[in-house]
Amino acid sequence: MAEMVKSTTSSGPRTAEANPVTRFFRATEIDTRLLGMIGALIIIWIGFHIITGGLFLTPRNLWNLSVQTTDIAIMTTGMVLIIVTRNIDLSVGSVLGLCGMIMGVTQAKILPEYIGFDSPFTWVITLLIGLIAGGLIGTFQGMIIAFLNVPSFIVTLGGLLVWRGATWLVTSGQTVAPMDQTFRIMGGGAEGSIGATWSWVVGIAACLFVIASIVGSRRQRRRFGFPRRPMWAEYFLAILSCVLILGAVSIANSYYWPINIAKKYAETNNIPWPETGLDIPYGIAVPVLIAIIVGIIMTFIATRLRFGRYVFAIGGNPEAAELAGIKTRWVTVRIFALMGVLAAIAAAISTARLNAATNSQGTLDELYTIAAAVIGGTSLAGGTGTIAGAMLGALVMQSLQSGMVLAHVDTPLQSVVVGTVLVVAVWLDTVYRSRAK
């Protein structure tokens with residue numbers, strides 16, 4: 001009888017271990033939620049490709065999609081930390097608009113009077129002023145939230161209105177243009193991409209970085225006695241990562257400059273124009289590189305630094321974190337200051353891409369940023385969230401928008417779809433958390 005009971009109780013684990021899918025995910029340690037989001041993204045892409053008659057999954061649209069995603073992707077990396085601490089920032093779109101207008105006025109109206117419009121220092125000074133402005137705005141809001149105990153929802157809702165009004169007051173609603181030529185590189189386009197050769201260099205460097213990270217992680221686990229992944233899993237992750245990276249580079253290099261721009265480039269550089277035309281690949285766009293670098297830095301901050309551990313500790317249990325000696329108020333101030341800087345970086349990219357600073361810049365970006373973070377797995381209850389998931393959520397949001405534009409979906413209906421997706425994402429997060437308990 002005892003043997004029968006023993007065999008019955010042990011059959012469950014043995015069955016689980018015998019399941020190839022379960023063993024695969026355990027060995028590779030792939031986040032199933034992130035994998036599910038990638039699956040949803042693939043379904044969205046294939047669906048829109050069929051609906052649009054083959055227009056979506058083209059090098060041109062995918063390249064434009066990557067550039068259009070950068071603004072929200074950069075801001076959502078900071079929104080993750082804010083939501084993890086059980087706060088919210090409704091002002092990021094207005095902060096983007098104000099920082100963009102400040103940078104536009106600085107380089108188009110103020111600096112030309114002192115150093116000239118074509119000065120090599122124009123874009124540097126402009127960017128620094130924008131980053132400082134964003135950091136000060138974020139710090140100001142964070143101080144009110146942390147030390148005056150005003151809820152972040154109210155403070156940033158007020159900021160949404162105040163900073164949007166300030167954007168209009170800077171130039172009385174006038175559009176400021178054009179931007180500095182070097183500054184425009186951050187916006188993408190023919191001048192704002194690194195070409196085929198450097199794209200392959202970046203891709204290979206990224207593959208080497210991934211391999212070095214996997215090797216370093218394995219050594220660290222061995223050093224501290226933690227369980228390590230099987231070697232086949234390490235090889236699988238390295239190969240899969242390199243295939244995805246080099247595949248993305250190949251797509252970027254498959255999109256060529258328009259004929260008019262290529263002809264102008266050939267004339268400027270005394271290159272003979274062949275009868276078949278001149279194919280000049282765009283390569284990886286500069287704003288995409290900026291977004292990737294920001295994502296890597298923010299991931300390092302969130303997972304490797306003491307500050308990141310404090311953020312997640314506060315989100316898990318604010319009272320316990322404070323009793324443990326964490327200066328929760330200053331952590332909150334720093335999070336909002338960081339969010340302001342990220343909004344300024346997004347403003348620089350947006351202004352450079354438009355080659356102008358407009359009064360409507362960043363409108364509704366706060367909603368898309370929050371939606372991207374939530375869709376990416378950041379829990380509104382706090383304590384849970386990843387930078388990679390949030391950036392992938394930004395890509396999902398932009399894919400929906402881009403696909404609906406190509407499919408000629410009316411703007412009101414686009415808002416309905418985005419709102420529905422956000423509600424469903426929050427509901428799925430609630431279900432996942434309840435089952436995890």
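Throughout, a residue's number is its position along its own chain's written sequence, starting from 1. Local features in this predicted model are restricted to residues whose pLDDT is 70 or higher, and side-chain atom pairs enter the listing and the counts only when it is 80 or higher, whereas totals over whole chains, interfaces and linings include all residues. Note: side-chain values were computed over all heavy atoms of the structure, leaving out hydrogens and water.

## Description of a nonpolar patch on the surface
Residues enter a patch when their relative accessible area is above 30% and they make no salt bridge; the linking distance is 9 Å between like charges and 5 Å between nonpolar side chains (Val, Leu, Ile, Met, Phe, Trp, Tyr). Per-residue and other accessible areas were derived by the Shrake-Rupley procedure at a 1.4 Å probe size, with only the shown protein chains allowed to occlude residues. Salt bridges, as used here, are contacts in which a Lys or Arg side-chain nitrogen is within 4 Å of a carboxyl oxygen on Asp or Glu. A cluster of nonpolar side chains, namely Ile110, Tyr114, Ile115, Phe121, Val124, Ile125, Leu128, Ile129, Ile132 and Leu136, defines an oily patch on the protein surface of about 960 Å² accessible area. At six residues, helix 6 (residues 122–147) tops the list of elements feeding residues into the nonpolar patch. Tracing the chain through its elements places valine 124 in helix 6. Only runs of H or I of at least four residues qualify as helices and only runs of E of at least two qualify as strands under DSSP, and these elements are numbered from the N terminus.

## Considerations on unusual backbone geometry
Of note, the amide linkage connecting alanine 177 to proline 178 takes the cis form, showing an omega dihedral of -5°. For proline 178, the location among the structural elements is in the loop between helix 7 (152–171) and helix 8 (195–224). Unlike most non-glycine residues, asparagine 355 shows phi in positive territory, near 60°. For histidine 408, which is not glycine, the phi dihedral falls at a positive 60°. Among the secondary structure elements, histidine 408 is positioned in the loop between helix 16 (387–406) and helix 17 (411–436). Buried residues are those whose accessible area, probed at 1.4 Å on protein chains only, stays under 20% of the maximum for their type, while exposed residues exceed 50% and partly exposed ones sit between those limits. What makes histidine 408 exposed here is its relative accessible area of 71%.

## Considerations on the packing of aromatic side chains
Any pair of Phe, Tyr and Trp rings, taking the six-membered ring for Trp, is counted once the centres come within 6.5 Å. Such a pair is stacked with planes under 30 degrees apart, edge-to-face with planes over 60 apart, and tilted for the rest. Under the definition given, this model contains eleven aromatic pairs. Ring geometry for tryptophan 63 and tyrosine 255: centres 5.5 Å apart, planes at 55°, overall tilted. With a gap of 192 residues between them, tryptophan 63 in helix 4 (residues 59–84) and tyrosine 255 in the loop between helix 9 (231–253) and helix 10 (259–268) connect regions that are remote in the sequence. For the pair formed by tryptophan 63 and tyrosine 255, the shared burial category is buried.

## With respect to the side chain of glutamate 234
Relative to the assigned elements, glutamate 234 resides in helix 9. Any pair of residues with heavy atoms lying within 4.5 Å of one another is described as a contacting pair. Setting aside anything within four residues of it in sequence, one finds glutamate 234 in contact with Ile214, Arg218 and Arg229.

## Quick look at the pattern of salt bridges
Two side chains of opposite charge can pair, provided their charged atoms sit close to one another. Applying the stated criterion to the full structure yields five salt bridges. In this structure, the salt-bridge partner of arginine 229 is glutamate 29, at a minimum N-O distance of 3.2 Å. Here glutamate 29 lies in the loop between helix 2 (20–28) and helix 3 (32–51) and arginine 229 lies in the loop between helix 8 and helix 9, a separation of 200 residues in the sequence. Looking at arginine 229, the relative accessible area reads 11%, which means it is buried. Overlapping salt bridges bring together Glu29, Arg218, Arg221, Arg229 and Glu234 as one network.

## Describing the domain arrangement of the chain
Taken domain by domain, the chain holds domain 1 (52–191 + 286–432) and domain 2 (193–284). Each of domain 1 and domain 2 has a C-alpha centre, and these two points are 26 Å apart. Listed by partner, the interface residues are eleven residues for domain 1 and twelve residues for domain 2. Note: buried area is the sum, over both parts, of the accessible area (probe 1.4 Å) each one loses when the two are combined. In total, about 1,000 Å² of surface goes out of reach between domain 1 and domain 2, with carbon and sulfur atoms giving 76% of it. Per-residue buried area on domain 1 facing domain 2 is highest for Trp63, Ala190 and Leu289; these three make up 50% of the total on that side. Across the contact surface, domain 1 and domain 2 share zero salt bridges. The term polar contact refers here to a pair of N or O atoms within 3.5 Å; inside protein, the definition further demands a hydrogen-donor-capable atom paired with an acceptor-capable atom, and it admits residues adjacent in sequence only when both atoms are side-chain atoms. Put simply, domain 1 and domain 2 have four residue pairs in polar contact (both at pLDDT 80 or more) between them. Per-element accounting of the side of domain 1 that touches domain 2 gives the leading share, five residues, to helix 4. In this entry, domain limits derive from an automatic or database-based domain assignment.

## What about the state of the cysteines?
The criterion for a disulfide is a pair of cysteine sulfur atoms lying within 2.5 Å. Per the counting criterion, the structure on display carries zero disulfides. Between cysteine 207, a free cysteine, and cysteine 242, which holds the nearest cysteine sulfur, the sulfur-to-sulfur gap is 3.5 Å.

## Description of the packing of helix 3 against helix 16
Interaxial distance between helix 3 and helix 16 falls to 10 Å at its minimum, and their mutual angle equals 15°. When the interaxial angle is binned, helix 3 and helix 16 end up roughly parallel. Crossing handedness for the pair helix 3 and helix 16: left-handed. Residues Leu34, Met37, Ile38, Leu41, Ile44, Trp45 and Phe48 of helix 3 form the contact with helix 16, whose own contacting residues are Gly389, Leu392, Gly393, Leu395, Val396, Ser399, Leu400, Gly403 and Met404. Each residue is assigned to one class: nonpolar for Ala, Val, Leu, Ile, Met, Phe, Trp, Tyr, Cys and Pro, charged for Asp, Glu, Lys and Arg, and polar for all the others, Gly among them. Residues of the contact of helix 3 with helix 16, tallied by class, amount to twelve nonpolar, four polar and no charged. Helix axes use the C-alpha atoms of the stretch in contact, all axes being lines fitted to C-alpha atoms, and the angles between their N-to-C directions lie in the range 0 to 180 degrees. Roughly parallel refers to an angle under 35 degrees, roughly antiparallel to one over 145, roughly perpendicular to one between 65 and 115, and oblique to any angle outside these ranges. Less than a right angle of anticlockwise turn of the near helix away from the far helix marks a crossing as left-handed, whereas a clockwise turn marks it as right-handed.

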